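Structural overview for review
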Amino acid sequence: MSSFYALVIGAGSTIAQASIQKLEANQHCLGVFAVSRHLPKASSDTKTLWLASDYTEDSIHQICKRLAVYSGKITKVLICNGMLHDASMMPERKLEEIRASQLEAIFHVNTVIPMLWLSKLLPIVQGEKPTQVALFSARIGSISDNKTGGWYSYRASKAALNMLIQTSSVEYARRAKNVKLIAFHPGTTDTPLSKPFQRSVPKEKLFAADFVATQLLAIMDSATMDNKAAYLDWNNQPIEW
Ligand SMILES: NC(=O)c1ccc[n+]([C@@H]2O[C@H](COP(=O)([O-])OP(=O)(O)OC[C@H]3O[C@@H](n4cnc5c(N)ncnc54)[C@H](OP(=O)(O)O)[C@@H]3O)[C@@H](O)[C@H]2O)c1
């Protein structure tokens, strides 16, 4: 493997943090750019440069300008942002619970922010080196695999993200042939995002972030560079779109 730089967006995510630790320990990784709304108070990471962002278009543009000198050298990108609930909202179980404010807030984090990055990162990932961009989706975003319904905002925001990834992959195939886009489903992972729903998950099906990070980085390393978007789970198994 040749040396590379990595970019981790939404680096405050529990799975992102575990991925950064793996990248820190990877001798081929020359450096990690970690983008988050909140910078860590103290960090023992030696290779990681933290960059603060509020994920506005301007902020994303400024960070991409800063990263421009690494164009063609950043060959692993993880876009981890995602929201399922917060203090004021939980996933909708029935039609009566639909609120415009919830749909808009969830779509903004899960769909709009990752797409802004995908749009602005094109010149940075364009190049000769095989490059993988993993965007955190979820199996629940599969339109063909929707048997249980519910969770309207989250489900639809991830389905919309998947469509944007597919659509971008058509243009990336023309303009950045070295790039593979991956819509990634981590499986139910022990993080604040899944916390309120973990009781119904059998122990062996609730993954540690460390395990998921190992799986994801291995999936990225072995990805088929075919100019097509892939929708993959933590076990490298394809999911129907
Ligand atoms: N955990 C699971 O069981 C599970 C299952 C399927 C899919 N996923 C997906 O995996 C990804 C990582 O989630 P996680 O489980 O590691 O959750 P987490 O620890 O709660 O991380 C949340 C992530 O979302 C970002 N975020 C949260 N609120 C935001 C807001 N208002 N504006 C912008 N960014 C915001 C955070 O970015 P900052 O660094 O800027 O704070 C962070 O990257 C998400 O996309 C999630 O949908 C998780």
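Read on for an overview of the structure. Quick caveat: nothing in here was measured; it's all calculated off a predicted structure.

**Focus on the site of the ligand**
Taken together, 28 residues sit near the ligand, with Gly-10, Gly-12, Tyr-55, Tyr-154 and Thr-191 positioned nearest. Residue Cys-80 places a main-chain N or O atom 2.9 Å away from an oxygen atom belonging to the ligand. One of the backbone nitrogen or oxygen atoms of Thr-189 is found 2.8 Å away from an oxygen atom of the ligand. Out of a free accessible area of 890 Å², the ligand has 88% covered by protein chains. Those elements that place two or more of their residues in the shell around the ligand are α1 (14-25), α3 (100-120) and α5 (152-175). A class-by-class count of the residues in the shell around the ligand yields 12 nonpolar, 14 polar and 2 charged.

**A few points about the pattern of salt bridges**
For the structure shown, the criterion picks out 8 salt bridges. With its nearest N and O atoms 2.7 Å apart, the salt bridge here joins Asp-145 to Lys-147. Since its relative accessible area comes to 30%, Asp-145 is described here as partly exposed. One salt bridge in this structure joins Lys-180 and Asp-226, with 2.7 Å as the shortest N-O distance. With a gap of 46 residues between them, Lys-180 in strand β6 (residues 179-185) and Asp-226 in the loop between α6 (209-221) and β7 (230-233) connect regions that are remote in the sequence. A relative accessible area of 5% places Lys-180 in the buried class.

**A look at the sheet that holds β6**
Here we have 7 strands laid out as an open sheet, ordered β3-β2-β1-β4-β5-β6-β7, and parallel in their pairing. A single partner strand is all that each edge strand has here, and the edge strands are β3 (48-52) and β7. When the angles between neighbouring strand axes are averaged without regard to direction, this sheet yields 20°. As paired elements, strand β4 (residues 74-79) and strand β5 (residues 131-136) share 4 bridges and run parallel to each other. Counterpart to Lys-76 in the pairing with β5 is Gln-132. Against the sheet, α5 makes contact with β5, β6 and β7, and its axis sits at roughly 170° relative to β6, the strand it touches most.

**Notes on the packing of α1 against α6**
Their axes nearest at 8 Å, the elements α1 and α6 cross at an angle of 60°. As summarised for this structure, α1 and α6 are arranged oblique, according to the angle between their axes. The element α1 and its partner α6 pack so that their crossing is right-handed. Here Thr-14, Ile-15, Ala-18, Ser-19, Lys-22 and Leu-23 of α1 come into contact with α6, specifically with Ala-209, Asp-210, Val-212, Ala-213, Thr-214 and Leu-217.

**Comments concerning the packing of aromatic side chains**
Taken as a whole, this structure holds 10 aromatic pairs when the rule is applied. Taken together, the ring pairs in this structure connect Tyr-5, Phe-33 and Tyr-70 into an aromatic cluster.

**Re the side chain of Ser-19**
Positionally, Ser-19 belongs in helix α1. A polar atom in the side chain of Ser-19 sits 2.8 Å from the backbone oxygen of Ile-15. Among all residues touching Ser-19, those that are not within four sequence positions of it are Leu-78, Ala-213 and Leu-217.

So, how was this worked out
- All chains use their own residue numbering, which begins from 1 and follows the written sequence.
- Side-chain atom pairs in this predicted model are given and counted only at pLDDT of 80 or more, local residue features only at pLDDT of at least 70, and totals for whole chains, interfaces and linings cover all residues.
- Derived side-chain values reflect all non-hydrogen atoms in the structure, with water molecules and hydrogen atoms excluded from consideration.
- One heavy atom suffices: a residue is near a molecule or strand as soon as one of its heavy atoms comes within 4 Å of it.
- Polar contact criterion, stated in full: a pair of N or O atoms within 3.5 Å, where within protein one must be able to donate a hydrogen and the other to accept it, and residues adjacent in sequence count only if both atoms are side-chain atoms.
- For the accessible areas, the method is Shrake-Rupley and the probe is 1.4 Å, while residue cover comes only from the protein chains on display.
- Helix and strand assignments follow DSSP, with helices taken as H or I runs no shorter than four residues and strands as E runs no shorter than two, numbered in order from the N terminus.
- In this count, Pro and Cys sit with the nonpolar residues alongside Ala, Val, Leu, Ile, Met, Phe, Trp and Tyr, while Asp, Glu, Lys and Arg are called charged and the others, Gly among them, polar.
- Salt bridges are defined by distance alone: a side-chain nitrogen of Lys or Arg within 4 Å of a carboxyl oxygen of Asp or Glu.
- Think of it in three bands: with a 1.4 Å probe and only protein chains considered, a residue is buried below 20% of the maximum accessible area for its type, exposed above 50%, and partly exposed in between.
- Strand pairing is assigned whenever DSSP identifies at least 2 bridges connecting the two strands.
- Lines fitted to the C-alpha atoms define the axes, with helices restricted to the stretch that makes contact. Angles between their N-to-C directions range from 0 to 180 degrees.
- Only heavy atoms enter the contact rule, under which two residues are in contact if any of them lie within 4.5 Å.
- We call two directions roughly parallel when the angle between them is under 35 degrees, roughly antiparallel when it is over 145, roughly perpendicular when it lies between 65 and 115, and oblique otherwise.
- Helix crossings are classified by the rotation of the near helix relative to the far one: an anticlockwise turn of less than a right angle makes the crossing left-handed, while a clockwise turn makes it right-handed.
- Any two rings among Phe, Tyr and Trp, with Trp reduced to its six-membered ring, count as a pair given centres within 6.5 Å; such a pair is stacked if its planes are under 30 degrees apart, edge-to-face if over 60, and tilted if neither.

Read these as geometric descriptors, not functional statements.
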